[in-house]
Amino acid sequence: MSKKKIGSMAMAVFVGAGLLAGCSGNDSNSNASGSPASGGSTPSASNVASPSESAKGSYPDYSKGFPEKVNLEIPVYERAFEGWNVTDNYYTRWIQKEFGDKYNVNVKFVPITRSSEVQDYEQLLASHKAPDIIFHYDMPQALAYYGEDVMQELDWNEIENYAPTYWKNMSETIKKYGAVDGKNVFFFAARPEADNFTSIIRKDWVEKVGMKVEGLTSLEKFNEMLVKWKEAGLGVAGESLKKNNYNFNYAFRDWPIDPKQRALYSDLGVADLTTPATERYLRNLNYQYNNGLVDKEFYLRDDDNKIKAEFVAGKTGNYGFYLASNTDVLSATLANNPGAEFAVLPPGALVPEGFKPQGRAYWPFGFIMGINYESSAQERAAVWLYLEWMSQPKNLFFLQNGVEGQNYTLDADGIAVKVPDFAGESKLSNNNNKDYWALVTEIAQYSTPELTRKANIRNWAPAGYEYLAEDLIKYYDQTAEFRTPDALFTVVLDKVNEYKADLNALFQELYVKCVMAPTDQFDATYEAAKKAYLDAGYQEILDEKQKAIDAGKFS
Amino acid sequence: MKVESASSNVETALKRVKADSRGAAYYLRRDWQLYLLLLIPLSFVLVFKYAPMSGLVIAFKDYKIARGFWGSEWVGFEVFNQVFAKPDFGRAVRNTLLLNSLDLVFSFTMPIVLALLLNEVRSVRFKRVNQTLLYLPHFLSWVIIGAIAYQLLAEGNGVVNNLIEMMGGKRVPFLQEDAYWLVSYVAIGVWQSMGWGTILYLAAMSGINPEMYEAAIVDGAGRWRKIWNVTLPSIRVTIVTLLILNLGKVMAGSFERVLALQNKATTEYSTTIEVLVYRWGLEGGNFSRATAIGLFQAVVGLVLVLAADRVAKRLGDDGVI
């Protein structure tokens, strides 16, 4: 045998062995991951079957702790707060000490990047490293996870057994919204009604051009003011690239709403490009763009820091954000523009005359959660115990406020008054730790609505800007009747999952084109965009939704 | 006497090579240390290059994470049919070919030109400083380059545009109009990669026998002649090898580069195959589809390399295979 032949034979053997190694390697891998660390054979078989088997039966008693150490993996949003380690800090250690050690559970936090959470989850799921809880704030995406078979069926009796307090708080919501295709899949966090998202405007600019903030009662007035801003060389309206949360056209929708129309088109995850409301919205933005009234490079402002930077630099005059007492927007803007004054933008300011200040209402729940299909029965029980533990007011209050005497002091009403700029060891994440306790509720609450409101104002307003939080609440109450939640479908919408990613990309491309089109070409551009969008899969989504609507499978 | 025995030694050695009747076991035993060493890179290739290929099966399956690679249902070529029917597919293939062909024309030739220029520099210190400066961009991540590009070139407040305006010119949408974007994309790519690309050529040039230059000088050749008739032919093998390897990339391309430089106003040329793999696989969670288009891309790339290799051999050069 010649050397050359030996070489090529060896090569062939290696390649063949490689392919085989690849196969077997993968096989064992998928087997190994099928059975997570703590027991359970094949995932879908044992875990999904167990609840129904043991329905109403007796559950093992873990109140004294698990016999063997259980690894509980809890997801937590990574929002890239400076100097904050989401998986290892004072509070994660406190949770381990107070909860983990008591139940013989090893609590591990799994960071989920807030701005690309779906990608993170998909990657974790594909590599069998996803946490025990799979969560999301938006129902269509939660349904998409369910559609990928990565959530196991739940036994409500089991939840009640291990987490009676949590079950008492949430059972109504869980029973109403937790079932899909007749299977119990989701559980939720509470969402008391309140919202700290607001838009602020440069009051000094408004007054410089001889107008009043309260006078901004319609979009027409707002645009008139923008023209004056431009003439006075002050700046433009802030604008950013639409992505992820498509709730831009509410102010342009007809009122009263038709529930079926709402169900068909209103969707945070897939933008609606084809309705008259969107056309009105785009036409206005096109007008603002062509007349130089709005940030010309809005499509480059694709994350909050970039949008904020424009406002802080005094180039744009309005900015939408979650008002919080520790916000740096106001001080940073003042540093660049001494004399800047701020006011909450009145709800009518972005609404065309003849329309109502509509908005999207939250669903009556916060996080939508499911249990990872690979979690074992013990890990599932650990989740319920964790929720139960966190539902105890004492534990929740500590997570929300920190250490008394350090992070806060209690005032006469029993409200925690946060020590400003506290930087000790027990510093809270973003001043509220929300990402840790959001598994049970979305907003911190006190015993009465009045107290909660008072506490909210304190938590939301930076010192000296209490009026911002008060106005925010005032306007929030004023517009309550015009807020409607999106329809909840009780079937999986396959076409939404199929086309969502493509349509998101296409929507951005098309709407930017419409906005940047010369005024006289807007109609043609918009018509072409509509057609392209429908052809790319939106029509199929509408057909599928229509079918579900006709069958009454929505609420 | 001595000379004679030496020559007979050589003769027997030659004979041994010719009449090689020993089996593989002999060589294994004799050079086992070398083969053992060879196992290290081989196992690397097997584990990281071949083993993952088994995952390609999901291109032919309706892959569900929960069911795993082997539990998912076989669907034959259905996923491919879906991919080919997507409206973005044609555009992505066109853009991938367009961006990479332009890269091949400019990013591939620039390092050669640059290497020739550097080779002519007489001052060693000047040459070294320049080389180091030229290598630097290669070490920057595309995310950083993208951010810098927008700081410098943005129409609204980019430094370059501010300068242009100060000097009385009109602002140029370097990155914000389709055609300009294409030019900027290629130019930034050339800037980033040309310095690093010179390394192999400079190495090849350092191996050229100085006598050839001396002979050329004796024949009365000037600088251009020397470059044309000595340097270039000497590095021809290197150029052809790199060209063949680069042809394989005409269907690939860098995802980060597109991601870092694109924006939503210039999507005409920025939807590439890599972008679709990311969108379908990681954004949409449709791993089967992402794998299918990735496999398609790899197969076309392989065909291109083989074809280029064949052409090179026909033209009388050594191929790579």
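- Under an unreviewed UniProt entry, the name given to chain B is Sugar ABC transporter permease, and the organism recorded is Cohnella xylanilytica.

- Within an unreviewed UniProt entry, the label attached to chain A reads ABC transporter substrate-binding protein, and the organism entered is Cohnella xylanilytica.

## Digging into the overall build of chain A
- Counting its regular elements, chain A contains 20 helices and 14 strands.
- Split into buried and exposed, the 555 residues of chain A put 54% on the buried side.
- Once local pairs closer than 6 in sequence are excluded, the contacts in chain A between residues at least 24 apart make up 77%.
- By element, 52% of the accessible surface of chain A is carried by carbon and sulfur atoms, the whole surface being about 24,200 Å².

## Digging into the packing of helix H7 (residues 109-120) of chain B against helix H13 (residues 223-234) of chain B
Residues and elements named next belong to chain B.
- Where H7 contacts H13, the axes come no closer than 12 Å and their chain directions differ by 120°. Between H7 and H13, the angle falls in the class oblique. Crossing geometry of H7 relative to H13 is assigned as right-handed. On H13, the residues that touch Ile112, Leu116, Asn119 and Glu120 of H7 are Arg223, Ile227, Thr231 and Leu232.
- When its residues are assigned to classes, the contact of H7 with H13 shows four nonpolar, two polar and two charged.

## So, the packing of helix H11 (residues 276-290) of chain A against helix H20 (residues 522-550) of chain A
Residue and element names in this part refer to chain A.
- Between H11 and H20, the shortest axis-to-axis distance is 11 Å and the interhelical angle comes to 140°. The pairing of H11 with H20 is recorded here as oblique in orientation. When the axes of H11 and H20 are compared, the crossing they make is right-handed. Where H11 approaches H20, its residues Glu279, Leu282, Arg283 and Asn286 are matched on the opposing element by Phe522, Asp523 and Tyr526.

## Quick notes on the environment of Val305 of chain B
Residues and elements named next belong to chain B.
- If you trace the backbone, Val305 turns up in helix H17 (residues 287-314).
- For Val305, a relative accessible area of 16% gives the class buried.
- Those residues in contact with Val305 that lie beyond four places of it in its chain are Ile244 and Gly248.

## Thoughts on the interface of chain A and chain B
- Taken residue by residue, the interface counts 36 residues in chain A and 36 residues in chain B.
- At the boundary of chain A with chain B, total buried surface from both sides reaches about 3,300 Å², with 58% on carbon and sulfur atoms.
- Our enumeration of links across chain A and chain B arrives at five salt bridges.
- The interface formed by chain A and chain B contains 13 residue pairs in polar contact (both at pLDDT 80 or more).
- Breaking the side of chain A that touches chain B down by element, the ones donating at least two residues are helix H1 (3-34), helix H4 (117-126) and helix H19 (494-516) of chain A.
- Here the side of chain A that touches chain B is built from residues that sort into 17 nonpolar, nine polar and ten charged.

## As for the nonpolar core
- Among the nonpolar cores identified, the biggest contains 103 residues, and Ile201, Met225, Tyr511 and Tyr533 of chain A are the most heavily contacted of them.
- The next biggest cluster of nonpolar side chains, apart from the first, holds 86 residues, and it includes Phe66, Ala163, Tyr166 and Met390 of chain A.

## Looking at the UniProt feature "transmembrane region" (unreviewed entry) in chain B
- Mapped onto the present numbering, the UniProt feature "transmembrane region" (unreviewed entry) falls on residues 32-51, 104-121, 133-153, 179-203, 227-247 and 287-308 of chain B.
- As a span, residues 227-247 of chain B carries 95% helix and 0% strand, and end to end its C-alpha atoms are 25 Å apart.

## Here's the deal with the pattern of salt bridges
- Applying the stated criterion to the full structure yields 45 salt bridges over all chains.
- Residues Lys242 of chain A and Glu239 of chain A are paired through a salt bridge, measuring 2.9 Å at the closest nitrogen-oxygen approach. Each member of the pair, Lys242 of chain A as well as Glu239 of chain A, carries the same accessibility label: buried.
- Salt bridges here are not isolated pairs; linked through shared partners, they connect Glu498, Asp502, Glu509 and Lys513 of chain A together with Lys86, Asp88, Arg91, Arg94, Glu268, Arg279 and Arg289 of chain B.

## Some words on the packing of aromatic side chains
- This model, assessed by the stated rule, comprises 61 aromatic pairs over all chains.
- Arranged with centres 5.1 Å apart and planes meeting at 45°, the rings of Phe44 of chain B and Phe48 of chain B form a pair that is tilted. Residue Phe44 of chain B and its partner Phe48 of chain B are located together in helix H3 (residues 32-50), separated by four residues, close to a single helical turn.
- Centre to centre, the rings of Tyr63 of chain B and Phe287 of chain B are 6.1 Å apart; their planes meet at 75°, and the pair counts as edge-to-face. With Tyr63 of chain B in the loop between strand E1 (61-62) and helix H4 (68-71) and Phe287 of chain B in helix H17, this residue pair connects regions lying 224 residues apart in the sequence.
- Cation over ring: Arg114 of chain A sits above Tyr77 of chain A, and NZ or CZ is 4.5 Å from the ring centre.
- When the ring centre of Tyr289 of chain A is taken as origin, the NZ or CZ atom of Lys296 of chain A, which lies over that ring, is 4.4 Å away.

## Overview of the sheet that holds strand E7 (residues 197-202) of chain A
Residues and elements named next belong to chain A.
- Strand order in this open sheet of three strands is E8-E7-E9, and the pairing throughout is antiparallel. The sheet is open, and its two edges are formed by strand E8 (318-322) and strand E9 (342-344), each paired on a single side. The mean inter-strand angle of the sheet, taken between neighbouring strand axes irrespective of direction, is 35°.
- One ladder, built from three bridges, connects E7 with E9; its direction is antiparallel. Residue Ile200 lies in a different strand from E9, and its bridge partner there is Val344.
- Across the face of the sheet, helix H12 (residues 304-312) comes into contact with E7, E8 and E9 while running at roughly 135° to E8.

How each quantity is defined
- Residues numbered from 1 in each chain as written.
- Chains lettered and ligands numbered in written order.
- Predicted model: local features only at pLDDT ≥ 70, side-chain atom pairs only at ≥ 80, totals over all residues.
- Heavy atoms only, no water.
- Helix = DSSP H or I, 4+ residues; strand = E, 2+ residues; numbered from the N terminus.
- Buried < 20%, exposed > 50% of the residue type's maximum accessible area, 1.4 Å probe, protein only.
- Contact = heavy atoms within 4.5 Å.
- Areas by Shrake-Rupley, 256 points an atom, 1.4 Å probe, with all protein chains shown as cover.
- Axes fitted to C-alpha atoms, helices over the stretch in contact; angles between N-to-C directions.
- Parallel < 35°, antiparallel > 145°, perpendicular 65-115°, else oblique.
- Left-handed = near helix turned anticlockwise from the far one by under 90°.
- Nonpolar A, V, L, I, M, F, W, Y, C, P; charged D, E, K, R; others polar.
- Buried area = accessible area lost by both parts, 1.4 Å probe.
- Salt bridge = Lys/Arg side-chain N within 4 Å of Asp/Glu carboxyl O.
- Polar contact = N/O pair within 3.5 Å; in protein donor to acceptor, adjacent residues only side chain to side chain.
- Core = buried A, V, L, I, M, F, W, Y, C linked by side-chain atoms within 4.5 Å.
- UniProt positions renumbered as here; feature names shortened; annotations may be inferred.
- Phe/Tyr/Trp six-rings, centres within 6.5 Å; stacked < 30°, edge-to-face > 60°.
- Lys NZ or Arg CZ within 6 Å of the ring centre and 35° of its normal.
- Pairing = 2+ DSSP bridges.

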